[in-house]
Amino acid sequence: GIQVEQSPPDLILQEGANSTLRCNFSDSVNNLQWFHQNPWGQLINLFYIPSGTKQNGRLSATTVATERYSLLYISSSQTTDSGVYFCAVILTGGGNKLTFGTGTQLKVEL
Amino acid sequence: GAVVSQHPSRVICKSGTSVKIECRSLDFQATTMFWYRQFPKQSLMLMATSNEGSKATYEQGVEKDKFLINHASLTLSTLTVTSAHPEDSSFYICSARLAGGARPYEQYFGPGTRLTVT
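Here is a short report on the structure shown in this document. The written sequence of each chain sets the order in which its residues are numbered from 1. Labels are handed out in written order, letters beginning with A for the chains and numbers beginning with 1 for the ligands. Only residues with pLDDT of 70 or above have their local features reported here, since the model is predicted, and side-chain atom pairs are shown and tallied only from 80 upward, although totals for entire chains, interfaces and linings are computed over all residues. The basis for every side-chain value is the complete set of non-hydrogen atoms in the structure, without hydrogens or water.

This part is about the nonpolar core. Counting 26 residues, the largest nonpolar core has Phe67 and Leu115 of chain B as the members making the most contacts within it. Residue assignment for this core shows that the elements contributing at least two residues are strand 2 (10–13), strand 3 (19–25), strand 4 (30–38), strand 5 (44–51), strand 7 (67–73), strand 8 (76–81), strand 9 (90–98) and strand 11 (113–117) of chain B. Every residue pair with non-hydrogen atoms within 4.5 Å of one another is taken to be in contact. Discounting residues that sit within four places of it in the chain, phenylalanine 67 of chain B has contacts with Arg37, Met47, Tyr58, Val62, Leu79, Thr80, Val81, Asp88 and Tyr92 of chain B. We define a nonpolar core as any set of buried Ala, Val, Leu, Ile, Met, Phe, Trp, Tyr and Cys residues linked to one another through side-chain atoms lying within 4.5 Å. Accessibility here uses a 1.4 Å probe with only protein chains present; expressed as a share of the type maximum, an area under 20% marks a residue as buried, one over 50% as exposed, and anything in between as partly exposed. Judged by nonpolar contacts, the second largest core, of 22 residues, contains Leu13, Phe25, Leu32 and Phe47 of chain A. Numbered from the N terminus, helices here are DSSP runs of H or I no shorter than four residues, and strands are runs of E no shorter than two.

Moving on, we come to the sheet that holds strand 6 (residues 52–56) of chain A. Residues and elements named next belong to chain A. Strand pairing is defined by DSSP finding a minimum of two bridges between the two strands. Judged by pairing direction, the sheet is antiparallel, and its five strands sit side by side in the order 1-3-8-7-6 without closing on themselves. Unpaired on one side and paired on the other, strand 1 (4–7) and strand 6 mark the two borders of the sheet. Averaged over all pairs of adjacent strands, the angle between their axes in this sheet comes to 15 degrees, without regard to strand direction. The angle between two axes is taken between their N-to-C directions and runs from 0 to 180 degrees, where each axis is a line fitted to C-alpha atoms and a helix contributes only its stretch in contact.

For the rest of this paragraph, the subject is the side chain of histidine 71 of chain B. All names here are of chain B. You can see histidine 71 is positioned in strand 7. Of the polar contacts made by the side chain of histidine 71, one reaches the backbone oxygen of serine 73; its length is 3.1 Å. In this structure, histidine 71 is in contact with Ala30, Thr31, Thr32, Met33, Ser50, Asn51, Glu52, Gly53, Leu76 and Ser77, ignoring residues within four places of it in sequence. Think of a polar contact as two N or O atoms within 3.5 Å of one another; within protein, one of them needs to be a possible hydrogen donor and the other a possible acceptor, and neighboring residues in sequence only count if both atoms come from side chains.

Nothing here speaks to function; it is geometry throughout.
Written out as structure tokens, the structure reads:
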């Protein structure tokens, strides 16, 4: 099946720092979403981005579908950004099924 | 918009009993809902896809007789863990796909249910 790998697995930042999270996938996809899972387990939709670039406040994302990767940029990080970031993809021809990546655990410290 | 709720948020039950978890789309209709399981420090794994008015489709390795799924309406799906055992303890999360939305593959997630079987 499709492989979805995220890097880095763990990241510690000082408040105010910037970071880039990467998501590599092994096959052609119809959909790619980025999520933030907060410490209580809630998954928050960040981006629906099968291709192109989007920005929402301090966050932006870019997906290069032809090269099978997506990047999530976090600028001026805050302690509330802590949690786990997941990308998830739907394989082309794979129906509705989301396959989640391995996740990046982010901790933002004062 | 696109809010999904789950109930209960946390449940503790004794081994051998059954537990029902509800997943509701509050402000939209969902023809398709999904059930995931997440173990500590791991990613989400899809258990089954639930379509309104038809039988659920289970992923390989998921016991359909143990994890009963019912999707009786466009806003409600339920997962029943039957004869629960300690190894079923996990975080169960549902999601819903917006019917007829501009983003046909986008899923919205509930807050999850933490199940502990003693």
